[in-house]
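So you can see what is in the structure, the chains are spelled out below.
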Amino acid sequence: MRPRQSPGRPQPRNKQPKPEAIRNYEKEPVSTNTIKIPTEAPVMVLPNALLLPFALLPLTIFEPRYRLLLSHALEHDRMICISLRRPDFDLDSSDPEAFYSTAGIGLIRACVQLENGNSNLILQGICRVRITSLIQEIPFRSATIHPLPNEEADALEARALCARVLELCHELKDKGTPIPLPIEKQLAAIDDPAALADIVAHTFIADPFTRQKLLEELSVPSRLRQLITELQDDLAS
């Protein structure tokens, strides 16, 4: 599920950047294992979206404070932290409980500024992080963070669970769930259980709060088992 369209918020987008773009900032794909995660990062809180590692999240930036946030990110680490807003909280709430402390940090892979001052960007999910404290709220949120690495897992168990996940993905495709060809090829080539779990969750799990539970799970086997349950439920529905 994509975030609801509400005035003044950064919104996921479906269209490619328009040709009249006046600035293009783009980097080649990078390995998430080679990136140093900063101790501080700007934070976007979104109502129905989060960022899993390895996933690509397109956003349109048009609110003034998020334009400032984007400029700051481009001038520094090119990283933005994406946190899901908790239910029943206003998006502008300064209450630290208004959004989840387990979040995803992403690298700006591409950024196109349009003639009207808005920007289209694509974030590549890098890793899970814990938001430990807010540094500022104005002109945009910024926080101290630390990475949340995956817990050690039994390789044989993880691979067996991965095989079951892929079986379910194929069953969902046969049932009519569309899978973009690049994603299908990517899934066939992945040999990292953690990466597989996160890419499948990003592709097949629509509910953001279910994704949040998967984001918070640091055990790869447990994450895969949760994912299997969700995929089986989708097949049964």
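Cut-off values and rules
- Residues numbered from 1 in each chain as written.
- Predicted model: local features only at pLDDT ≥ 70, side-chain atom pairs only at ≥ 80, totals over all residues.
- Heavy atoms only, no water.
- Helix = DSSP H or I, 4+ residues; strand = E, 2+ residues; numbered from the N terminus.
- Buried < 20%, exposed > 50% of the residue type's maximum accessible area, 1.4 Å probe, protein only.
- Contact = heavy atoms within 4.5 Å.
- Areas by Shrake-Rupley, 256 points an atom, 1.4 Å probe, with all protein chains shown as cover.
- Expected span 1.5 Å × (residues − 1).
- Arc of directions from axis to C-beta.
- Disulfide = S-S within 2.5 Å.
- Pairing = 2+ DSSP bridges.
- Polar contact = N/O pair within 3.5 Å; in protein donor to acceptor, adjacent residues only side chain to side chain.

Moving on to the overall build of the protein chain. Looking only at helices and strands, one finds six helices and seven strands in the protein chain. Written out in order from the N terminus, the α and β elements of the protein chain read β-β-β-α-β-β-β-β-α-α-α-α-α. When each of the 237 residues of the protein chain is scored for burial, the buried share is 50%. Summarising the internal contacts of the protein chain: among those between residues at least 6 apart in sequence, 73% fall at separations of at least 24. With an accessible surface of roughly 11900 Å², the protein chain has 52% of that area assigned to carbon and sulfur atoms.

Here the focus is helix H2 (residues 155-175). Across its 21 residues, H2 extends 30 Å between first and last C-alpha, which sits within 8% of the 30 Å expected from 1.5 Å per residue. Inspection of H2 places Ala158, Leu161, Cys162, Val165, Leu168, Cys169 and Leu172 among the buried residues, and these make up the whole buried set. Across the axial projection of H2, the buried residues extend over an arc of 125°, all falling on one side. Opposite its buried face, H2 presents the exposed residues Leu156 and Asp174, each directed more than 90 degrees away. On its buried face, H2 sits against helix H4 (193-204) and helix H6 (220-236).

Here we come to the state of the cysteines. Counted according to the given criterion, the structure contains zero disulfides. Among the cysteines around cysteine 81, which has no disulfide bond, cysteine 127 carries the closest sulfur, lying 8.9 Å off.

Quick look at the pairing of strand E6 (residues 119-136) now. Two elements, strand E3 (residues 56-61) and E6, share six bridges in a ladder whose sense is antiparallel. In the sheet register, threonine 60 faces E6, and the bridge partner there is asparagine 120. Note that strand E5 (residues 102-113) and E6 share 11 bridges and pair antiparallel. Looking at the pairing, alanine 103 lines up with valine 129 of E6. Counting the residues between successive antiparallel strands, the hairpin from E5 to E6 contains five residues, one of them, glycine 117, with a positive phi of roughly 95°. Where E6 and strand E7 (residues 142-147) come together, six bridges link them in antiparallel fashion. When the sheet's bridge partners are listed, valine 129 is paired in E7 with proline 147. Here E6 folds back onto E7 in antiparallel fashion, the turn holding five residues.

A few words now on the side chain of aspartate 198. Looking at the secondary structure, you find aspartate 198 in helix H4. The exposure class of aspartate 198 is buried, given its relative accessible area of 2%. Beyond its immediate stretch of four places on either side in the chain, aspartate 198 contacts Leu52, Pro53, Phe54, Arg128 and Arg223.

Let us now look at H4. Under the 1.5 Å per step criterion, the end-to-end length of H4 is 16 Å for 12 residues, consistent within 8% with the ideal 16 Å. Across the 12 residues that make up H4, a large majority, 10, are buried. For H4, the complete set of buried residues consists of Pro193, Ala194, Ala195, Leu196, Ala197, Asp198, Ile199, Val200, Ala201 and Phe204. As for H4, its buried residues are in contact with E6, H2, helix H3 (181-189), helix H5 (208-216) and H6. Its side-chain oxygen placed 3.1 Å from the backbone nitrogen of alanine 194, aspartate 192 serves as the N-cap of H4.

It is worth spelling out unusual backbone geometry at this point. Looking along the chain, the bond that leaves isoleucine 138 and enters proline 139 is cis, with omega of 0°. Along the chain, the position of proline 139 falls in the loop between E6 and E7. A positive phi angle, near 75°, is found at phenylalanine 54, a position not held by glycine. As for its placement among the helices and strands, phenylalanine 54 is situated in the loop between strand E2 (40-46) and E3. The phi dihedral of arginine 78 is positive, around 60°, even though this residue is not glycine. If you trace the backbone, arginine 78 turns up in the loop between helix H1 (64-75) and strand E4 (79-84). The buried category is assigned to arginine 78, whose relative accessible area is 15%.

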